[in-house]
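Report on the structure
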Protein chains: 2
Amino acid sequence: MGHTVKAVAQLAGVTIRTLHHYDAIGLVRPGERTESGYRVYGRRDLERLQQVLFFKELGFGLAEIKEILERPDFDRRQALLDHRELLTHRKDRIERLIKAVEQTLESMEEGTMLEESVWFDGFDHSRYEEEARQRWGHTDAYRESRERTAAYTEADWSGVAAEQTGILKEIAALADRRPDDPDVLQTIGRMHSLISERFYACSVEMFRGIGELAVTDSRFTATYEKLRPGLAAFYASAVRAYCDRSQT
Amino acid sequence: MGHTVKAVAQLAGVTIRTLHHYDAIGLVRPGERTESGYRVYGRRDLERLQQVLFFKELGFGLAEIKEILERPDFDRRQALLDHRELLTHRKDRIERLIKAVEQTLESMEEGTMLEESVWFDGFDHSRYEEEARQRWGHTDAYRESRERTAAYTEADWSGVAAEQTGILKEIAALADRRPDDPDVLQTIGRMHSLISERFYACSVEMFRGIGELAVTDSRFTATYEKLRPGLAAFYASAVRAYCDRSQT
DNA sequence: CTGGACCCTCACGCAACGTAAGAGTGTAGC
DNA sequence: GCTACACTCTTACGTTGCGTGAGGGTCCAG
C-alpha cells in the first residue's frame, strides 16, 4: 500500500535522512506510522514531496516552501504550470552556460581574447531566483497584479508602458542631479504610485527591492542603460533615497 | 586594468562575501592588493573563478575544487570539454523535469492515475553527480581507463562487453543463492578482476561504490533487472559481501 | 570639507542535511 | 526457535558555504 523510507528515498532521489528531516520540520509527513514506528507514505504524501522538491529545485528554503504549501489558496495545478515555465528558463540558463563554454573553447583554439563577461554568462542566478520569488515569494502582490491586469486591453497596456517609459525618461533627464534631489524623489514617487495603482500594492520595502534590481539584474540594467549611460545606478540610488525618506 | 570586488561579483553573479571567502580559503585569490588593502582581480583570476563556478555548478565542494585545480596536470581545455558534456546531461535532466511536470498536468486534466515514479523523474541527482565524480573525483582511474581503452578496437570492445555480460548472466543464474555463497563471491571476483584488467586499477572501495550503483542508479538497475527480476539488489548485496570479505 | 559609494577585517549564526551511535523490527533460511 | 541480514527508529554532533552585521578605512565628485 504505502511506502517506507527506503522506497520513497529511492523513488524521489533523496536520502532517508532528508525524509526524517522533512518529517521533523513538518514539511512532508508520512500519512501513517506502524506500531513499531515505521513511517508509511501514501500517494498524497508523495504529491506533496514532489511539490517540495520542485520548489527546492527553484531555490526556495524549506521554511518558505512550507509556508507556501500551507496557504489556503495553494493551487497544485497552477504551481505545476509555473514550475514548467521556470524550469524552461532554467534550461535556457544551462544552454547559456554551454554556449559560454563553447565560446571559451573557440577563443582558446583561435588564440583570441574573449570578453570576460562572456565567461560568466549563465552563472547569474539572481534573475531566475528573483523571478521565482516574484511568482511565489510575493504571491499576494503577484496575484493582485494578475487580478488587476487580467482585464487590461492592449490599449491599457500601451498606456501603462507609455507612462512608465515617460517617467523613466524624466528620471533620465534628471540624472545629472543628486539622487535625493527633490525633483528626482518626486519623480521616483510617481513610479512607485504607478506600480501601486496599476499592478499591486507595492510597499516601500518591495519598491526598494525593485530599485536594487536595476543594478543586480542585467535585464533591468540593460533597459536603463539604453535610456542613458549610468541610469541604472542612478535609478537604484534614487529609489534607495526615496525609500529611506519614506520611512521617516 | 583590474577589477575590485563589486565589479567581479556582478560580473560573475556571486556575492562579495563569496569572493572574500574564496580568497580566505585560497581558492580564488586576487592578483593584487592596493596599498589600502583593496583586492584587485586580473584576467587570470577571473579564468580561475570561472573554473571554480563550473565545478561548483556540477556539485563539487570547494575543497575538492581547489584540489582539482591545483593538480600539476590540470588541463583547462579538457575541463571545459568535460563541463560541456556534463552540462548537456544536466540540461537533459531539466528536460526530464519539465516532462514530468507536463505528464503530471496531463494526468490531472484527464483524471488519470499516473505512476508515482514519473513524478520524480529528474530529481535523482546521483547519476549526474556520480558521473561528474567519475570524471574528476576518481581522475586517476578515469585517466587510466582512457589510456588503456584508447587503443581498443571494435573487436576488443565486443570481447569485453561479452565477458561482462557473461559474468552477469552467471551471477543471475546464482541469484537464488545467498549473496555470500562461495560461488557467488567467486563470480563477483571475476567481475572485479575484469574491471581492473580491462579498465583501471579498481580498489575494493571503488568496487563497493560500483556495486551500490546497481540499486541507486536507475540505469544500472534497469540493466540488471532486465537479466532477471531482483538481480540489482542481489548484485549489490553480493558485491558488498565480496568487499567485506576482501578487507579481512 | 562632506557625503556617498566602495572597501577592509572580524566573527557570530544559520540552513539543510551527513554521519554515526545505539537499539528495535521484519523475514527468510536453517 | 535461532541467526543473519535488511530495514527502521531516535538522538545528536558536525559540516559546508556563506549571510549578516559591526566598526572602521578609502576614493572621489561636488
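Residues numbered from 1 in each chain as written. Chains lettered and ligands numbered in written order. Predicted model: local features only at pLDDT ≥ 70, side-chain atom pairs only at ≥ 80, totals over all residues. Heavy atoms only, no water.

Re the packing of aromatic side chains
- Within the structure shown, the criterion is met by 3 aromatic pairs over all chains.
- An aromatic cluster is present here, built from Phe 55, Phe 60 and Phe 74 of chain A joined pairwise through their rings. (Phe/Tyr/Trp six-rings, centres within 6.5 Å; stacked < 30°, edge-to-face > 60°.)

Regarding the protein's contact with DNA strand D
- Surrounding DNA strand D, one finds 23 residues, the nearest of these being Thr 4 and Lys 6 of chain A together with Thr 15, Tyr 22 and Leu 62 of chain B.
- Measuring from a phosphate oxygen of DNA strand D, one finds a side-chain N or O atom of Thr 15 of chain B at 2.8 Å.
- With respect to DNA strand D, the side chain of Arg 17 of chain B contributes an N or O atom lying 2.9 Å from a base oxygen.
- Elements supplying a minimum of two residues to the surface near DNA strand D: helix H1 (5–12) and helix H2 (16–24) of chain A together with helix H2 (16–24) and helix H13 (231–246) of chain B.
- Examining the composition of the surface near DNA strand D, we find that 4 residues originate from one element, H2 of chain B, more than from any other. (Near = heavy atom within 4 Å. Polar contact = N/O pair within 3.5 Å; in protein donor to acceptor, adjacent residues only side chain to side chain. Helix = DSSP H or I, 4+ residues; strand = E, 2+ residues; numbered from the N terminus.)

Topic: the nonpolar core
- Core analysis: the largest hydrophobic core is formed by 33 residues, its most contacted members being Phe 120 of chain A together with Leu 19 and Leu 49 of chain B.
- Listing elements by their share of this core, those giving two or more residues are helix H5 (76–110) of chain A together with helix H1 (5–12), H2, helix H3 (43–57), helix H4 (62–69) and helix H5 (76–110) of chain B.
- Among the elements that line this core, the one with the most residues is H3 of chain B, at 6 residues.
- Not counting the four nearest positions on each side in its chain, Leu 49 of chain B is found in contact with Phe 120 of chain A together with Val 8, Ala 12, Leu 19, Tyr 22 and Val 28 of chain B.
- Membership of the second largest hydrophobic core comes to 32 residues, among which are Val 5, Val 28, Phe 54 and Phe 55 of chain A. (Core = buried A, V, L, I, M, F, W, Y, C linked by side-chain atoms within 4.5 Å. Buried < 20%, exposed > 50% of the residue type's maximum accessible area, 1.4 Å probe, protein only. Contact = heavy atoms within 4.5 Å.)

Things to note about the packing of H1 of chain A against helix H3 (residues 43–57) of chain A
All names here are of chain A.
- It is at 12 Å that the axes of H1 and H3 come closest, and there the two elements cross at 40 degrees. Here H1 lies oblique to H3, going by the angle between them. Crossing geometry of H1 relative to H3 is assigned as right-handed. Together, Val 8, Leu 11 and Ala 12 of H1 and Leu 46, Leu 49 and Leu 53 of H3 make up the contact between the two elements.
- When the residues that make up the contact of H1 with H3 are grouped by side-chain class, the tally is 6 nonpolar, no polar and no charged. (Axes fitted to C-alpha atoms, helices over the stretch in contact; angles between N-to-C directions. Parallel < 35°, antiparallel > 145°, perpendicular 65-115°, else oblique. Left-handed = near helix turned anticlockwise from the far one by under 90°. Nonpolar A, V, L, I, M, F, W, Y, C, P; charged D, E, K, R; others polar.)

Re the packing of H3 of chain B against H4 of chain B
Residue and element names in this part refer to chain B.
- For the pair H3 and H4, interaxial distance at closest approach is 10 Å and the crossing angle is 130 degrees. One way to sum up the angle between H3 and H4 is to call them oblique. Between H3 and H4 lies a crossing whose hand is right-handed. Contacts from Arg 48, Gln 51, Val 52, Phe 55 and Lys 56 in H3 reach Leu 62, Ile 65, Ile 68 and Leu 69 in H4.

A closer look at the side chain of Glu 47 of chain A
- Looking at where Glu 47 of chain A falls in the secondary structure, it is placed in helix H3.
- Its relative accessible area of 15% is what places Glu 47 of chain A among the buried residues.
- The contact partners of Glu 47 of chain A, leaving out residues within four places of it in the chain, are Arg 76 of chain A together with Trp 119 of chain B.

As for the relation of the copies chain A and chain B
- Under the fitted operation, chain A is carried onto chain B by 0.1 Å of movement along the axis and a turn of 180 degrees, and the coordinates agree to an RMSD of 0.3 Å. Taken together, the rotation and translation relating the two chain copies correspond to the operation of a two-fold axis. Minimal C-alpha distance to the rotation axis in chain A is attained by Lys 91 of chain A, lying at 2.9 Å.
- A shared interface surface links the copies, since 100% of the contact residues of chain A are contact residues in chain B too. (Least-squares fit on C-alpha atoms with pLDDT ≥ 70 in both.)

A look at the protein's contact with DNA strand C
- In the neighbourhood of DNA strand C, 23 residues make up the surrounding shell, with Thr 15, Tyr 22 and Leu 62 of chain A together with Thr 4 and Lys 6 of chain B lying closest.
- Backbone atoms, meaning sugar and phosphate, form 78% of the atoms of DNA strand C found within 4 Å of the protein.
- At 2.8 Å, a side-chain N or O of Tyr 22 of chain A approaches a phosphate oxygen of DNA strand C.
- The contact in question runs from a sugar or linking oxygen of DNA strand C to an N or O atom on the side chain of Ser 36 of chain A, over 3.3 Å.

What to know about the interface of chain A and chain B
- At the interface, 43 residues of chain A touch 43 residues of chain B.
- With both sides pooled, the region where chain A packs onto chain B buries about 4,300 Å², and carbon together with sulfur makes up 69% of that total.
- Where chain A packs against chain B, one counts 6 salt bridges.
- Between Glu 57 of chain B and Arg 93 of chain A there is a salt bridge, with its nearest N and O atoms 2.8 Å apart. (Buried area = accessible area lost by both parts, 1.4 Å probe. Salt bridge = Lys/Arg side-chain N within 4 Å of Asp/Glu carboxyl O.)

Worth remembering: the numbers are spatial, not functional.
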